[in-house]
Amino acid sequence: MTSDTPDPPALDRTAVALGFAGLLPQMAAVALLLGGVPFATAAAFGYALLILSFLGGIWWGFAMRRQGDAAQGRLALLAVIPNLVAFAILLGATMTGRVEWGMVATGSAILLTLPVDRMLVRRGDAPADWMRLRMPLSIGLGALTILAGALSG
């Protein structure tokens, strides 16, 4: 980061707890799918798409902290990719009627956010302990979403 960009703050316990609480909706959706509740497919798919887009929003926030340096535009461009991927997956699943494959694609996309998160830490854009949060959350949500897709098929 540039010298005029403040260091990102460390993660506090509340942020970590809220992050892990974010896995609860997908856990509930999987439990409902196991119980044969039909609307759980749409809930699991919608939640995963929402979180994938949310991750792009977090990256956008990191980009804006760069205060106009050359890397800001590159990071902002990277930040819109999760939103576009989420939209493409939604469109594809809607057009084909294959929501279960859309969930597998979304879960995979969530897992693929981890290298970007690691880069953000390495460059100093994200807190040093960011991966302590991102690894279990991305792996957890990605796996739960892929499982939900398998249960919906």
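Structure first, text after, so check above.
Note that the structure is a prediction, hence the values are computed from the model and not measured.

Reading the values: the criteria
- Residues numbered from 1 in each chain as written.
- Predicted model: local features only at pLDDT ≥ 70, side-chain atom pairs only at ≥ 80, totals over all residues.
- Heavy atoms only, no water.
- Helix = DSSP H or I, 4+ residues; strand = E, 2+ residues; numbered from the N terminus.
- Rg over C-alpha atoms; globule rule 2.2 N^0.38 Å.
- Buried < 20%, exposed > 50% of the residue type's maximum accessible area, 1.4 Å probe, protein only.
- Areas by Shrake-Rupley, 256 points an atom, 1.4 Å probe, with all protein chains shown as cover.
- Lys, Arg positive; Asp, Glu negative; His and termini not counted.
- Charge placed at Lys NZ, Arg CZ, Asp CG, Glu CD.
- Axes fitted to C-alpha atoms, helices over the stretch in contact; angles between N-to-C directions.
- Parallel < 35°, antiparallel > 145°, perpendicular 65-115°, else oblique.
- Left-handed = near helix turned anticlockwise from the far one by under 90°.
- Contact = heavy atoms within 4.5 Å.
- Phe/Tyr/Trp six-rings, centres within 6.5 Å; stacked < 30°, edge-to-face > 60°.

Our focus in this paragraph is the overall build of the protein. Helix and strand content of the protein: 7 helices and 0 strands. Secondary structure elements in the protein, listed N-terminal to C-terminal, are α-α-α-α-α-α-α. In terms of C-alpha radius of gyration, the protein reaches 16 Å, essentially the compact-globule figure of 15 Å for 153 residues. By its C-alpha atoms, the protein is 55 × 35 × 20 Å across when sized along the principal axes. A burial count over the protein gives 42% of its 153 residues as buried. Carbon and sulfur atoms form 73% of the exposed surface of the protein, whose accessible area is close to 7800 Å². Seen as two clouds, the 10 positive and the 8 negative side-chain charges of the protein have centres 5 Å apart.

Two elements in contact, helix α2 (residues 24–34) and helix α7 (residues 130–152), have axes separated by 10 Å at closest approach and are oriented at 20°. Between α2 and α7, the interaxial angle falls into the category roughly parallel. Remark: the crossing between α2 and α7 carries left-handed chirality. In this structure, α2 contributes Gln26, Met27, Val30, Leu33 and Leu34 to the contact, and α7 contributes Leu141, Leu144, Thr145, Leu147, Ala148, Leu151 and Ser152.

The next thing to look at is the side chain of Thr41. Turning to its location among the elements, Thr41 is positioned in helix α3 (residues 40–64). Under the relative-accessibility criterion, Thr41 is labelled buried at 19%. Discounting chain neighbours no more than four positions away, the residues touching Thr41 are Leu33, Val99, Met103 and Ser152.

What follows covers the packing of helix α1 (residues 13–21) against α7. α7 packs onto α1 with a crossing angle of 10° between their chain directions and a minimal axis gap of 10 Å. Looking at the two axes, α1 sits roughly parallel to α7. In this structure, α1 uses Val16, Gly19 and Phe20 to contact α7, whose residues at the interface are Arg132, Leu133, Pro136 and Leu137.

Under the defined criterion, the tally for this structure stands at 1 aromatic pair. Each ring, one from Phe62 and one from Trp130, has its centre 5.4 Å from the other, and the planes form 80°; the classification is edge-to-face. Here Phe62 is found in helix α3, whereas its partner Trp130 is found in helix α7, with 68 residues between them in sequence. Here the two residues Phe62 and Trp130 agree in accessibility, since each one is buried.

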